[in-house]
Amino acid sequence: MRVLFSSAVSIALSFAALSAQTVEGRLLDSGSDQPIILGQVLLLTGGGEVVARTFTDETGFFSLTAPDGGSFLLRGERFGYRAQVDGVFDLGEGGVISVEFRLPRNPVVLDTLQVSAEPRSTKLTLLGFYDRRDIGMGKFIGPKEIAEKPVFGTTDLLRNIPRVQIRQRPFGGSEVVIRGAGAVSLTGGGVCYPKVVVDGNVILRGEPARLDQVIQPSEIEAIEVYRGPSETPLQFGGISSPCGVILIWTR
């Protein structure tokens with residue numbers, strides 16, 4: 001079992017915890033060691049998928065149980081604190097791992113309070129788009145960004161994303177490549193053609209991603225761009241997608 005330590009989490013393990021499937025403990029203020037009440041704690045897969053979440057009680061206590069064994073991360077967050085992600089925790093069947101999860105303060109000073117909420121698509125919520133975006137792995141283009149960005153083709157939505165390159169084809173049109181995505185380049189020069197998935201269906205794999213010919217911007221609800229296996233969630237390929245993945249969700 002491999003466990004990573006950091007200043008955010010201190011972990012107390014016993015022999016029985018080597019087969020643990022539950023992580024429980026307290027969420028604490030890193031400066032005062034006081035409990036953080038109603039802080040949210042999430043249990044994540046290595047690919048960033050949320051498998052369990054809960055809120056702390058008046059003592060800062062939380063308990064999360066994984067549906068299956070495996071390697072997991074913890075994420076703690078609360079308004080006024082800086083969110084932290086830590087792990088890896090190797091969970092088997094039965095038993096409990098006890099942790100003390102500490103968050104540093106991140107005070108917010110407001111001269112004028114203006115409350116606004118981003119309207120969230122029900123479809124994208126059910127698909128896990130917002131959960132993955134909150135984790136911060138990959139690049140995300142939501143409905144608001146798509147509506148506000150002037151474009152002529154789908155590839156225009158991907159411009160200005162680091163390591164994503166839009167290349168003009170010799171006889172017209174353009175293609176999307178990702179630079180330095182995998183250990184082995186399919187085209188030379190550290191350039192890979194990403195896998196393209198539309199509404200869960202693989203459209204392109206290891207070939208020029210000519211997205212303007214595949215789908216129009218008016219059809220797109222959101223896009224997720226993962227530029228290599230280290231960013232790609234396991235359910236979308238993980239290490240089996242060395243050139244990265246572009247996920248397109250339609251309206």
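These numbers were taken from a predicted model, which means no experiment stands behind them.

S.K.: So what exactly am I meant to see when it comes to the side chain of Arg227 here?
M.R.: Note that Arg227 resides in the loop between β15 (220-226) and β16 (245-250). Given a relative accessible area of 10%, Arg227 falls into the buried group. Within the structure, Arg227 has its side chain in polar contact with the backbone oxygen of Pro162 (distance 3.1 Å).

S.K.: So what exactly am I meant to see when it comes to the environment of Arg179 here?
M.R.: Residue placement: Arg179 occurs in strand β11 (residues 174-179). Put simply, Arg179 and Arg163 are 16 residues apart on the chain and 5.2 Å apart in space, counted from C-alpha to C-alpha.

S.K.: I'm lost on the pairing of strand β5 (residues 61-65) in this one. Help?
M.R.: Each regular strand displays side chains that alternate between the two surfaces of the sheet. Here β5 shows a clear split, with Phe62 and Leu64 buried on one side and none of Phe61, Ser63 and Thr65 buried on the other. Across five bridges, the pairing between strand β2 (residues 22-29) and β5 is antiparallel. Note that in β5 the partner of Thr22 across the bridge is Thr65.

S.K.: Looking at this structure, how should I read the pattern of salt bridges?
M.R.: As a working rule, side chains carrying opposite charge can pair if their charged atoms are close by. One pass over the full model with this rule turns up 13 salt bridges. Between Arg75 and Glu77 there is a salt bridge whose closest N-O contact spans 2.6 Å. Judged by its relative accessible area of 22%, Glu77 is partly exposed. When salt bridges with common partners are traced through the structure, they connect Asp33, Glu100 and Arg102 into a single cluster.

S.K.: Sorry, what's going on with the packing of aromatic side chains here?
M.R.: Two aromatic rings, taken as a pair, are described by how far apart their centres are and by the angle between their planes. Overall, the coordinates contain three aromatic pairs when judged by the stated rule. Ring geometry for Phe129 against Phe140: centres 5.5 Å apart, planes inclined by 75°, an arrangement best described as edge-to-face. Of this pair, Phe129 sits in helix α2 (residues 129-135) while Phe140 sits in strand β9 (residues 139-141), and the two are 11 residues apart along the sequence. As far as the burial class goes, Phe129 and Phe140 line up, both buried. Ring geometry for Phe140 against Tyr226: centres 6.0 Å apart, planes inclined by 90°, an arrangement best described as edge-to-face. One end of the pair, Phe140, is in strand β9; the other, Tyr226, is in strand β15, and 86 residues separate them in sequence. The buried category is assigned to Tyr226, whose relative accessible area is 1%.

S.K.: Where do I start with the state of the cysteines in this structure?
M.R.: What we call a disulfide is simply a covalent bond connecting the sulfur atoms of a pair of cysteines. Scanning the entire structure with this criterion turns up one disulfide. Disulfide pairing is shown between Cys192 and Cys243; the S-S distance is 2.4 Å. Between Cys192 and Cys243, the S-S dihedral sits near -45°, and the bridge is therefore left-handed. One end of the pair, Cys192, is in strand β12 (residues 191-192); the other, Cys243, is in the loop between β15 and β16, with 51 residues separating them in the sequence.

Cut-offs and rules
Residues numbered from 1 in each chain as written. Predicted model: local features only at pLDDT ≥ 70, side-chain atom pairs only at ≥ 80, totals over all residues. Heavy atoms only, no water. Helix = DSSP H or I, 4+ residues; strand = E, 2+ residues; numbered from the N terminus. Buried < 20%, exposed > 50% of the residue type's maximum accessible area, 1.4 Å probe, protein only. Polar contact = N/O pair within 3.5 Å; in protein donor to acceptor, adjacent residues only side chain to side chain. Pairing = 2+ DSSP bridges. Salt bridge = Lys/Arg side-chain N within 4 Å of Asp/Glu carboxyl O. Phe/Tyr/Trp six-rings, centres within 6.5 Å; stacked < 30°, edge-to-face > 60°. Disulfide = S-S within 2.5 Å.

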